[in-house]
Amino acid sequence: MAEQSISQDEILANIPMNLNVTTELLDKHVSRGLADKVAYYQLNNGGELVGSIRYRELLENVSRFGTALKKLGLREEERVLIVMPDTIEAITAFLGTIRMGGIAALINFKLTRDDYLYAANLIRARVLVTDVSHIDIAAELLQKVRSMWKVIIAPAPDEKVTYETIKNLRDASLFNEFLSEGSPTLEPADTHRDDPAFILLTSGTTGKPKAVVHKHGDILYIADTLGKYIINMREDDIVFSTSKFFFAYGFGYILAFPLRVGASVILYPDLIRPELALKVIDNYKPTVFASSPAFYRAMLLIPDADKYNLSSIRCASSAGEVLPATVYEQFYKRFGIKIFNCYGSTEALHCFIVTRPDSKKFKPGSAADTIVPGYEIKIVDPQTGEEIK
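Because the structure is a prediction, the values reported are computed rather than measured.

### Structural notes on the sheet that holds strand β8 (residues 196-201)
Sheets are built from strands paired through backbone hydrogen bonds, the pairs being either parallel or antiparallel. Strand order in the open sheet formed by 7 strands is β7-β6-β5-β3-β4-β8-β9, and the pairing between neighbours is mixed. Looking at strand neighbours, the two that pair on one side only are β7 (172-174) and β9 (211-215), the edges of this open sheet. Strand-to-strand, the axes of this sheet are offset by a mean angle of 20°, without reference to chain direction. Relative to strand β4 (residues 103-106), strand β3 (residues 79-83) is paired through 4 bridges, and the arrangement is parallel. Residue pairing for β4: Ile82 is matched across the bridge by Leu106.

### Points about helix α11 (residues 274-284)
Among all positions in α11, only Leu276, Ala277, Leu278, Val280, Ile281 and Asp282 are buried. Next to the buried residues of α11 lie β1 (38-43), β10 (238-241), β11 (264-267), β12 (288-291), α12 (293-300) and α13 (325-335). A positive phi of about 55° marks Lys285, the residue just after α11.

### Some details on the pairing of strand β5 (residues 125-131)
Of all the 7 residues making up β5, 6 are buried; the element is thus mostly covered by neighbouring parts of the structure. Bridge analysis of β3 against β5 gives 5 bridges, and the strand direction is parallel. Its bridge partner lying in β5, Ile82 is registered against Val129. With 5 bridges connecting them, β5 and strand β6 (residues 150-154) associate as parallel partners. In the strand pairing of β6, Thr130 is matched with Ile153. Between the parallel pair β5 and β6, the chain is carried across by helix α6 (residues 135-144), and the sense of this crossover is right-handed.

### Comments concerning the side chain of Lys244
Here Lys244 shows up in the loop between β10 and α10 (248-261). You can call Lys244 buried: its relative accessible area is 2%. Here Tyr268 takes part through its backbone oxygen, which lies 2.6 Å from a polar atom of the side chain of Lys244. From its side chain, Lys244 meets the backbone oxygen of Asp270 in a polar contact 2.9 Å long. Not counting residues within four places of it along the chain, the set of residues in contact with Lys244 comprises Asp86, Phe109, Gly250, Phe251, Ile254, Tyr268, Pro269, Asp270 and Leu271.

### Quick word on unusual backbone geometry
Not every positive phi belongs to a glycine, and Asp171 is a case in point at roughly 55°. Within the fold, Asp171 resides in the loop between α7 (163-166) and β7. Relative accessible area serves as the criterion here: at 39%, Asp171 is assigned to the partly exposed category. For Lys285, which is not a glycine, the phi torsion comes out positive at approximately 55°. Note that Lys285 resides in the loop between α11 and β12. The partly exposed category is assigned to Lys285, whose relative accessible area is 36%.

The rules behind the values
Residues numbered from 1 in each chain as written. Predicted model: local features only at pLDDT ≥ 70, side-chain atom pairs only at ≥ 80, totals over all residues. Heavy atoms only, no water. Pairing = 2+ DSSP bridges. Helix = DSSP H or I, 4+ residues; strand = E, 2+ residues; numbered from the N terminus. Axes fitted to C-alpha atoms, helices over the stretch in contact; angles between N-to-C directions. Buried < 20%, exposed > 50% of the residue type's maximum accessible area, 1.4 Å probe, protein only. Contact = heavy atoms within 4.5 Å. Right-handed = clockwise from strand over helix to strand, strands pointing away. Polar contact = N/O pair within 3.5 Å; in protein donor to acceptor, adjacent residues only side chain to side chain.

Here it is, written out as structure tokens:
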């Protein structure tokens, strides 16, 4: 695709002012004939397909979750903290919170008790959605976070959770029981594209987790820039990301880009091993794959990686660090796949500069050669704030 220069105003012209983003991600596709298309395929930790949900079902469950939150007493702009692996339940809780006007908060599910306690107090979370592996932490948060008055416990894929699991946990509900308290229809909250919709909590690698607030329109903005002009995301795509939902990079591939166009996503709950990722690609044929330079390098180190067929992948993305030229070249030689590398931040929600193999300026191992359409880039002096030209 030829490089394009597109202004922010041109991107925003296609994002409605009065916007609850769930209508663009769900209702729009149901009404245009994609109701029975699979939105998410769910794998278990062994890489086996154990479930799926279609766009109509997802919209209904999102509405159920949102109406159940309203019945609980959650008000618009109050916060729901989601500490979950990549599951359909996590997606449902995220979109259901946003649909009813609340603010969903995503955080790494591999952090410490102190991190979760700090984050929950920081955002003044009212509700916690988590899985059985975090049940002890949930009990502690209920006790120590003054703002919190409800915990919802979801099962892991291919796992059954009964009331016995939560009988000693006050103010707790099982996820499916909580859904049953809601309605399959919910008029979305009357929100604006500049209203807060969700929070990404950083992983605390440079100190305590930080809360980065994003708006309804931000989800469509990254989909209509990187998703549209760099990835060329299509309705017939199937997306698989080793980067997780709570990371800005993974968020784009797992929710924003595919749901914007009515595509499908393969969800793997936990952190995945390189060899299992190869097996997943071979078995389920994703067309768009997102990972990191270190992970691509690890895939190359699998001795018999050649036995896996990766030919379904039309677009491979990398982020998090510079993609070394050696990794790019070896991956292309071994699998016939050209990886594009991108750079962004949690604050920007996704990537704004990329290296593109189809660019005339492309050089393997370089930092960047293309500004993503819809963004402007400048380098400033950290001391004075003045632009360096």
